[in-house]
Amino acid sequence: MSLFLCGSHRRYDILTNNDNKLWMYNPIDLLNGEKMVESIIEMTDVVKKYGDKAAINGLTMAVRKGELFGFLGPNGAGKTTTIRVISTLTDFSEGTVKVAGIDIKKDPRNAKDHMGVIQQAISLDKDLTIRENMMHHAMMHKVPADERKKRIQELSDFIGLDEYLDRMVDSLSGGWKKKAAIVCALVHKPDILFLDEPTVGLDVKARRLLWDLIKKLNEEGTTIFLTSHYIEEIELLCDRVGIIDLGKLIALGTPQELCNKVGSTAVEYRENEETKYKYFTDRDQAKDFVSVLDDHDQIVIRNTNLEDCFVELTGKSVGGR
Amino acid sequence: MFQTIKDAYYVAWGDMCFMKHNFWNILVSSVMSPLLYLLAFGYGLGNGITMEGVPYIAFIIPGIAALTSLSASFSSTATRLNVQRLYYKSFDEMLMCPLSPASIILGKSFLGLFRGLVGATLIYILGMCVTSELYVTPMLIVSVVLSCFTFSFLGVMAALLAKSHQSMATFSSMIILPMTFLCGTFFSAAAMPAWFQAILYALPLTHSSSIIRAAALDWSFPWISLVVLFAFCVAFFVIDVYLVKARRI
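Description of the structure in this document. Since the structure is predicted, the reported quantities are computational estimates derived from the model, not experimental observations.

So, how was this worked out
- Residues numbered from 1 in each chain as written.
- Chains lettered and ligands numbered in written order.
- Predicted model: local features only at pLDDT ≥ 70, side-chain atom pairs only at ≥ 80, totals over all residues.
- Helix = DSSP H or I, 4+ residues; strand = E, 2+ residues; numbered from the N terminus.
- Buried ≥ 20, exposed ≤ 12 C-beta atoms within 10 Å, placed from the backbone.
- Pairing = 2+ DSSP bridges.
- Contact = placed C-beta atoms within 7 Å.
- Axes fitted to C-alpha atoms, helices over the stretch in contact; angles between N-to-C directions.
- Nonpolar A, V, L, I, M, F, W, Y, C, P; charged D, E, K, R; others polar.
- Parallel < 35°, antiparallel > 145°, perpendicular 65-115°, else oblique.
- Left-handed = near helix turned anticlockwise from the far one by under 90°.

**Some details on the overall build of chain A**
Helix and strand content of chain A: 11 helices and 16 strands. Considering chain A as a whole, with its 321 residues, one finds that 44% of them fall into the buried category.

Here it is, written out as structure tokens:
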């Protein structure tokens, strides 16, 4: 259940989880809160419907400038639709979206200058070489003619793509294709880079290289908006995490904050041939609980992770229904 | 206006690279079917026949040039855009660039314009080698360019509306193929019954054939057909812009 309380200058979203605990957070505080952190994306009451079904249902959220923001949710939760809405690929019926302070409905072309998007599927032109794809992106993003070649070379050096530049897209492995997509998205120096499930289909080595690249880009000042249903990816990389389900933001905070909300210590135990989980604010409480359990062989006490948080919040496993 | 044309060039640049990689393929495929039509209908069936006072071969070549402007412009634009939109997803990248919908549509129509012009020009040059009845006039150039633009915009529209590769094939079978054979390319539309003429004159290729033939054979120029074809061209362009602008794709 979600309930909006509107005050004169604040609005709180009150959520209840399966245990009917009340959680409170205020996405708008990110704009008006104590730290006064500058936001680069502001979404307010955004609704996107496909027919009668709402893919995004009153989404209010802000992403801070310079942060690595993770967007987590099960399949069909609205992650990709959110990116498509922000990047102007998909129209929305209600609400406002601002990117770098620009209303994307009023001035979409100006807003697009600030964004680079790497879609879930590789969206390069496979009939062209990597260099041609990069040049085409640079032209369409109106990078000045005298800067294009220099910029391509810089990015190619940055990612180590030099030897692949004149190869056709389809001749590259999945990891290199993804890197090529990233350099294309960066060619106009966007302030914010959207990565929609960038590591899907990559092997472990390619995934780790991509994680390093994402961190490097963020350290150099690019705001990263990363969606994934790989929980460890979000936990490892992101400063803050938003969890979306059924088109609504159901939690927002740092990974640690989200875990603390559930309880920082998790107990995993077997009961009636089923694995069960219980969360506690500290280890002592967890130990007290364990001491009264029968079968001590199959009990694990560990730190709570984001997946626990997600399941506790929604009652669903990450990545599926 | 200048900015729109400049942006259209940026959009078209990708297709120019595509053409560079596939030059011979494009060239051969642009002239193969009109050449076959010329051999089969011009020489095979039409040898010794006259139509509206000229040898059939001279009558049919402007019709085949019009047909080429349709088939080459439509299919090259529609096929590539369809692939880019539904399979490569690279059309999304264009939509995420700071470009106006008009410049995207103009840019994407360039490939069709080029292939239509190449195909029509080659078939016309070939025709001039076999008959002395054909002329090159300014109105001929205007007519061919307008036809290529019209059918390129139609190709963009088909690709934007297509839900799958199959729906593109259906569009071609239901709209393009009947136009190819019926719209005054191989025979005079005036020879058909009145009720059928009404249908034929509601289709753009009939007007395209009519103006290209009149310009090529130095007949009295059918200005009304030019205006109607121009109206089709504008209408297709406006629909394309709407589809992109409203993201109804």
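**Description of the sheet that holds strand β8 (residues 102-103) of chain A**
Residue and element names in this part refer to chain A. Taken in spatial order, the 4 strands make up an open sheet running β5-β4-β7-β8, and their pairing is antiparallel. Either end of the sheet is taken by a strand with one partner, and the two such strands are β5 (53-64) and β8. In the sheet, strand β7 (residues 94-99) pairs with β8 via 2 bridges, with the strands oriented antiparallel. Looking at the pairing, V99 lines up with I102 of β8. Lying over the sheet, helix α2 (residues 79-86) contacts β4 (39-50), β5 and β7, oriented at roughly 65 degrees with respect to β5.

**Topic: the pairing of β7 of chain A**
Sheet topology note: the β4 of chain A/β7 of chain A ladder contains 5 bridges and is antiparallel. Within β7 of chain A, the position partnered with T44 of chain A by the bridge is T96 of chain A.

**Points about the interface of chain A and chain B**
Facing the 25 residues of chain A at the interface are 20 residues of chain B. Elements with a contribution of two residues or more to the side of chain A that touches chain B: α3 (108-112), β9 (115-118) and α4 (130-140) of chain A. Examining the composition of the side of chain A that touches chain B, we find that 5 residues originate from one element, α4 of chain A, more than from any other. Residue composition of the side of chain A that touches chain B, grouped by class: 8 nonpolar, 8 polar and 9 charged.

**Remarks on the sheet that holds strand β6 (residues 68-72) of chain A**
Residue and element names in this part refer to chain A. In space, the 6 strands of this open sheet follow the order β9-β10-β11-β6-β12-β13, with mixed pairing throughout. In the strand order of this sheet, the two ends are held by β9 and β13 (248-253), each with one partner. Here the average twist between neighbouring strands, direction ignored, is 15 degrees. Alignment of strand β12 (residues 240-245) against β13, held across 5 bridges, turns out to be antiparallel. Paired with D245 across the bridge in β13 is K248.

**Notes on the packing of helix α3 (residues 56-88) of chain B against helix α9 (residues 204-216) of chain B**
The packing of two helices is summarised by the inter-axis angle and the distance between the axes. Residue and element names in this part refer to chain B. Their axes nearest at 8 Å, the elements α3 and α9 cross at an angle of 135 degrees. Judged on the interaxial angle alone, α9 and α3 are oblique. In this structure, the crossing between α3 and α9 has a hand that is right-handed. Here P62, G63, A65, A66, S69 and L70 of α3 lie close against α9, whose contacting residues are L205, S208, S209, I212, R213 and A216. Looking at the contact of α3 with α9 residue by residue, the class counts come to 7 nonpolar, 4 polar and 1 charged.

**Focus: the environment of S100 of chain B**
Residues and elements named next belong to chain B. Looking at where S100 falls in the secondary structure, it is placed in the loop between α4 (90-95) and α5 (101-130). C-beta crowding within 10 Å serves as the criterion here: with 16 such atoms nearby, S100 is assigned to the partly exposed category. For the pair S100 and K245, spaced 145 residues apart in sequence, the C-alpha to C-alpha distance is 8.5 Å. Each residue touching S100, except ones within four places of it in the same chain, is listed here: T4 and D7.

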